[in-house]
Amino acid sequence: MNLQNELNKAEGFKNLELLAKQVVEGFIAGMHKSPFHGFSAEFAEHKIYNQGESTRHIDWKLFAKTDKLYTKRYDDETNLRCHIILDNSSSMHYPKLDTFSIDRFNKVGFSVLAAASLMHILKKQRDAVGLSIYSDNYDYYAPEKGSERHHQMLLNHLSEAVISKPLNKQTETYKYLHEIAEKIRRRSMVFLFTDMFQTSEDETKLFEALRHLKYNKHEVILFHVFDKAKELNFDFDNKPKRFIDVETGEYINLYADSIKENYNKVVEGYFTALRLRCAQYKIKYVEADINKDFNNILTTYMIERQKFA
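No experiment lies behind these values; they were computed from the predicted model shown. Going along each chain's sequence as written, the residues are numbered from 1 onward. Local features in this predicted model are restricted to residues of pLDDT 70 or higher, and side-chain atom pairs are both shown and tallied only at a pLDDT of 80 or more, whereas totals for entire chains, interfaces and linings draw on every residue. To obtain the side-chain values, all non-hydrogen atoms of the structure were used and water was disregarded.

What am I meant to see in the packing of aromatic side chains here?
For any pair of aromatic rings, the description consists of the separation of the ring centres together with the inter-plane angle of the planes. Working definition: rings of Phe, Tyr and Trp (its six-membered ring) pair if their centres are within 6.5 Å, and the pair is stacked with planes under 30 degrees apart, edge-to-face with planes over 60 apart, and tilted otherwise. Taken as a whole and judged by the stated rule, the model has 16 aromatic pairs. Ring centres of Phe105 and Phe294 lie 5.7 Å apart, and the angle between their planes is 75°; this geometry places the pair in the edge-to-face category. Placement of the pair is Phe105 in the loop between β3 (81-87) and α4 (107-124) and Phe294 in the loop between β10 (284-289) and α10 (295-307), with a sequence separation of 189 residues. Of the two residues, Phe105 and Phe294, neither departs from the other in class, the shared state being buried. An aromatic cluster is present here, built from Tyr134, Tyr138, Tyr141 and Tyr176 joined pairwise through their rings. To qualify as a helix, a DSSP run of H or I must reach at least 4 residues; to qualify as a strand, a run of E must reach at least 2; elements of each kind are numbered from the N terminus. Think of it in three bands: residues with accessible area under 20% of the maximum for their type are buried, residues over 50% are exposed, and the middle band is partly exposed, with areas taken using a 1.4 Å probe on protein chains only.

What should I look at first to understand the pattern of salt bridges in this one?
Between side chains of opposite charge, a pair can form as their charged atoms come close. Here, a salt bridge means any side-chain nitrogen of Lys or Arg that lies within 4 Å of a carboxyl oxygen of Asp or Glu. Following the criterion strictly, the structure yields 11 salt bridges and no others. In this structure, Lys107 engages Glu231 in a salt bridge whose closest nitrogen and oxygen atoms are separated by 2.7 Å. With a gap of 124 residues between them, Lys107 in helix α4 and Glu231 in helix α8 (residues 228-232) connect regions that are remote in the sequence. Across the pair, exposure class does not vary: Lys107 and Glu231 are buried alike. The partner of Asp237 in a salt bridge is Lys241, with the nearest N and O atoms 2.3 Å apart. Looking at Lys241, the relative accessible area reads 26%, which means it is partly exposed. Taken together, the salt bridges that share partners define one network made up of Glu17, Lys123 and Glu148.

Even after reading the chapter, I still don't get the nonpolar core, so can you show me in this structure?
Nonpolar side chains in soluble globular proteins tend to end up buried together. In terms of nonpolar packing, the biggest core is built from 49 residues, with Ile84, Leu113, Phe191, Phe193 and Phe223 touching the most fellow members. By residue number, the principal contributor to this core is α4, which donates 11 residues. Throughout this description, the term nonpolar core refers to a set of buried Ala, Val, Leu, Ile, Met, Phe, Trp, Tyr and Cys residues connected via side-chain atoms within 4.5 Å. Ala181, Val220, Val267 and Tyr281 belong to the second largest nonpolar core, which has 28 residues in total.

Have a look at this one:
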């Protein structure tokens, strides 16, 4: 299958599962050239052998290749619970795209393929995954399960999010995070994909909601999804433009150069504050630039999984 042609189809992802598989396989292939060489086996049918465990299920053929001990996984093993949270407010559908390309996503498209790639790894590891999608409502919730039917259902809802094109939908992320925290009963890794654009409440309430998840012993990873070229660097030519708030419909006409310097200072200050607040509350903060590949997303998962116990 040609990945470029698949992404160029106008109505979102026609085969999200296959695309996610290709993203993961490309990442694993790259790991053989990285400091994480050897861990790639953990993304397939194995886990690292821990001293004291039975040696019955050690894969000696893999030991001969890697000089490391791994044990085989089995279908009844569920070693991790993970819940993926997707912000599907109007701002996540920036930039407006009629078609997708391999190097051109909007924020929700990037988030959906990243989430599907994580799900592919979790499926291979027989782990349980749940999903929440919110906009101006708590649109969808599914608890953590590991079945094939459940996996396909989640993929379907992720695909629908890409083509939903919500109009003027604001969101109060903090509100839905509190609800999600009440629904996730067992300790889990929680991945949140959001652009962190809040319209009605300050960030204090948002971090109170994130602390709610931490209080319930979950590990929280915040993927801050944004278009770095446009939303951080304000990389526009100096022709007159109308800038529209996609969540409120408000707009302003201006020349980009007239505000670029001040804009950069304000936004960089906001990003710095986010990173500091996340560090303060022991929340893993990860920049997710939609103009880059998915390696940072998957590497973050790999590292955080190793620490999760």
